[in-house]
Amino acid sequence: DQQVKQNSPSLSVQEGRISILNCDYTNSMFDYFLWYKKYPAEGPTFLISISSIKDKNEDGRFTVFLNKSAKHLSLHIVPSQPGDSAVYFCAFPHRAGGTSYGKLTFGQGTILTVHP
Amino acid sequence: NAGVTQTPKFRILKIGQSMTLQCAQDMNHNYMYWYRQDPGMGLKLIYYSVGAGITDKGEVPNGYNVSRSTTEDFPLRLELAAPSQTSVYFCASSQRTGEYSPLHFGNGTRLTVT
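Everything numeric here is computed off the predicted structure, so don't read it as measured data. (Residues numbered from 1 in each chain as written. Chains lettered and ligands numbered in written order. Predicted model: local features only at pLDDT ≥ 70, side-chain atom pairs only at ≥ 80, totals over all residues. Heavy atoms only, no water.)

Q: How do you make sense of the overall build of chain B when you look at a structure like this?
A: The helix and strand tally for chain B stands at 0 helices and 11 strands. Along chain B, helices and strands appear, N-terminal first, in the series β-β-β-β-β-β-β-β-β-β-β. For 114 residues, the compact-globule formula gives about 13 Å, and the C-alpha radius of gyration of chain B, at 13 Å, lands near that figure. Within chain B, the proportion of its 114 residues that are buried is 45%. Across chain B, every contact between residues at least 6 apart in sequence was considered, and the portion connecting residues at least 24 apart equals 54%. Of the roughly 5,400 Å² of accessible surface on chain B, 50% is carried by carbon and sulfur atoms. If you average the places of the 10 positive and of the 8 negative side-chain charges in chain B, the two averages end up 9 Å apart. (Helix = DSSP H or I, 4+ residues; strand = E, 2+ residues; numbered from the N terminus. Rg over C-alpha atoms; globule rule 2.2 N^0.38 Å. Buried < 20%, exposed > 50% of the residue type's maximum accessible area, 1.4 Å probe, protein only. Contact = heavy atoms within 4.5 Å. Areas by Shrake-Rupley, 256 points an atom, 1.4 Å probe, with all protein chains shown as cover. Lys, Arg positive; Asp, Glu negative; His and termini not counted. Charge placed at Lys NZ, Arg CZ, Asp CG, Glu CD.)

What follows is the structure in C-alpha cells.
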C-alpha cells in the first residue's frame, strides 16, 4: 500500500534553470504536505511545507504547489544551484494525540543533480 | 546546541547478534522517532514515542524494541540481527504542537548484518 509516490528516481538540471520535483499521493486525509532534503551521510532536513487550505507556498527560491483534486504536490527550485544537489523527499504527517502531528509517511525520494 | 545525536555512525553485525542504537536529543522535544532507509526507498517508521514512558509501533517494528525512560533518550534495540535489517537508521525528534512542527533528524547509523 503505497500512499506516496515520487515517480522520478532522478533529475538532472543545469545551473540557473528550474528544477521541478513531483509527488503523488492517495490518502485524502493528509492536510499538511512537506518536502525534506537530504545530503549524503546526513539526516533529512525540513525544507518547506504547505497546508491543504493553500495551493502555493513560496520561500525564497523554493515554491511548493498543491493540486488537491489531482492529489499532486510539486516543488520548484528557481534558479537551481549546484548546492541544491541532494535527495528530495515529499512527506505527509499524520495527526496523533488530538491536534498534534506525529509520524511522517515519506515518498521514495528523487535525486537532484544540478550541473555547473 | 547538538540537536539529535546518534551513535554509532557505522556498525557491522553478524547474524544473530544484538545491539542497541543510541539516540539523544537536547531540544526538550516530546516526540521521538526511529526510521530506517533502505537503498532507493523512502524512510519507514519503526517505532515512535510521544513522551517518556510512552512508545508505539510504526510501519516496520518487527525485530526491534524501544524504550523511553527520559525525554532526552530513545534507544533502539535489535535482537537476533538478520540480513534484512541492513539499512541506515535515523532517529528524529519534534515538538508537540497543534501546528506542524518539523522533524529534526540525526545523521544516521549505517548498519550491515552479514
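Next comes the rest of the account.
Q: When you look at the state of the cysteines in this model, what are you seeing that I'm missing?
A: Note on terminology: disulfide describes a covalent bond linking the sulfur atoms of two cysteines. Under the definition given, this model contains 2 disulfides over all chains. One disulfide bridge connects C23(A) with C90(A), the sulfur atoms lying 2.0 Å from each other. Disulfide C23(A) to C90(A): torsion about the S-S bond roughly 65°, handedness right-handed. Taken together, the residues C23(A) in strand 3 (residues 19-25) and C90(A) in strand 9 (residues 86-95) connect sequence positions 67 residues apart. C90(A) shares its class with C23(A); the two are buried. Put simply, C23(B) and C91(B) are joined by a disulfide, and their sulfur atoms are 1.8 Å apart. (Disulfide = S-S within 2.5 Å.)

Q: When you look at the side chain of S52(A) in this model, what are you seeing that I'm missing?
A: Relative to the elements of secondary structure, S52(A) occurs in the loop between strand 5 (45-51) and strand 6 (56-59). Residues within four places of S52(A) in sequence aside, it is in contact with D31(A), F33(A), L66(A) and K68(A).

Q: Even after reading the chapter, I still don't get the nonpolar core, so can you show me in this structure?
A: One broad trend across soluble globular proteins is that nonpolar side chains are buried collectively. All names here are of chain A. With 23 residues, the main nonpolar core has F33, W35, L73, L75, Y88 and F92 as its most contacted residues. Counting only elements with at least two residues in this core, the list comes to strand 3, strand 4 (32-38), strand 5, strand 7 (62-67), strand 8 (72-77), strand 9 and strand 11 (110-115). When residues no more than four places from it in sequence are discounted, the contact partners of F92 are V4, C23, Y25, F30, Y32, F33, L73, K103, L104 and T105. (Core = buried A, V, L, I, M, F, W, Y, C linked by side-chain atoms within 4.5 Å.)

Q: Is there a simple way to think about the packing of aromatic side chains in this case?
A: Each aromatic ring pair is summarised here by two numbers: the centre-to-centre distance and the angle between the ring planes. According to the stated counting rule, one finds 16 aromatic pairs over all chains in the structure shown. Each ring, one from Y36(A) and one from F105(B), has its centre 5.9 Å from the other, and the planes form 85°; the classification is edge-to-face. Taken together, the positions of Y36(A) in strand 4 and F105(B) in strand 10 (residues 104-105) put the pair across two chains. The exposure class assigned to F105(B) is buried, which follows from its relative accessible area of 10%. (Phe/Tyr/Trp six-rings, centres within 6.5 Å; stacked < 30°, edge-to-face > 60°.)

Q: Is there a simple way to explain the sheet that holds strand 3 (residues 19-25) of chain B in this structure?
A: The strands making up a sheet associate through backbone hydrogen bonding, with each pair oriented either parallel or antiparallel. Residue and element names in this part refer to chain B. Across the sheet, which stays open at both edges, the 4 strands sit in the order 1-3-8-7 with antiparallel pairing between neighbours. Edge positions in the sheet fall to strand 1 (4-7) and strand 7 (64-66), since each has one partner strand and no second. Neighbouring strand axes in the sheet, compared pairwise and without regard to direction, differ in orientation by 20° on average. Where strand 7 and strand 8 (residues 76-78) come together, 3 bridges link them in antiparallel fashion. Bridging across to strand 8, N65 finds its partner in R77. (Pairing = 2+ DSSP bridges. Axes fitted to C-alpha atoms, helices over the stretch in contact; angles between N-to-C directions.)

Q: Sorry, what's going on with a nonpolar patch on the surface here?
A: All names here are of chain A. A contiguous nonpolar surface patch, about 220 Å² in accessible area, is contributed by I18, I20 and V78. Tracing the backbone through its elements, the reader meets I18 in the loop between strand 2 (10-14) and strand 3. Exposure remark for I18: the relative accessible area of 41% places this residue in the partly exposed category. (Patch = residues over 30% accessible without salt bridge, like charges linked within 9 Å, V, L, I, M, F, W, Y side chains within 5 Å. Salt bridge = Lys/Arg side-chain N within 4 Å of Asp/Glu carboxyl O.)

Q: It is not clear to me how unusual backbone geometry should be interpreted in this structure. Could you clarify?
A: A negative phi angle is the norm for most residues apart from glycine, just as the trans form is the norm for most peptide bonds. Cis rather than trans, the peptide bond between V78(A) and P79(A) has omega equal to -10°. For P79(A), the location among the structural elements is in the loop between strand 8 and strand 9. A cis geometry characterises the amide bond from T7(B) onward to P8(B), with omega recorded as -5°. With respect to the helices, strands and loops of the structure, P8(B) is situated in the loop between strand 1 and strand 2 (10-13). Positive phi outside glycine occurs at A41(A), with the angle close to 65°. Of note, A41(A) is situated in the loop between strand 4 and strand 5. Its relative accessible area of 69% is what places A41(A) among the exposed residues. A positive phi angle, close to 55°, is found at L80(B), a residue other than glycine.

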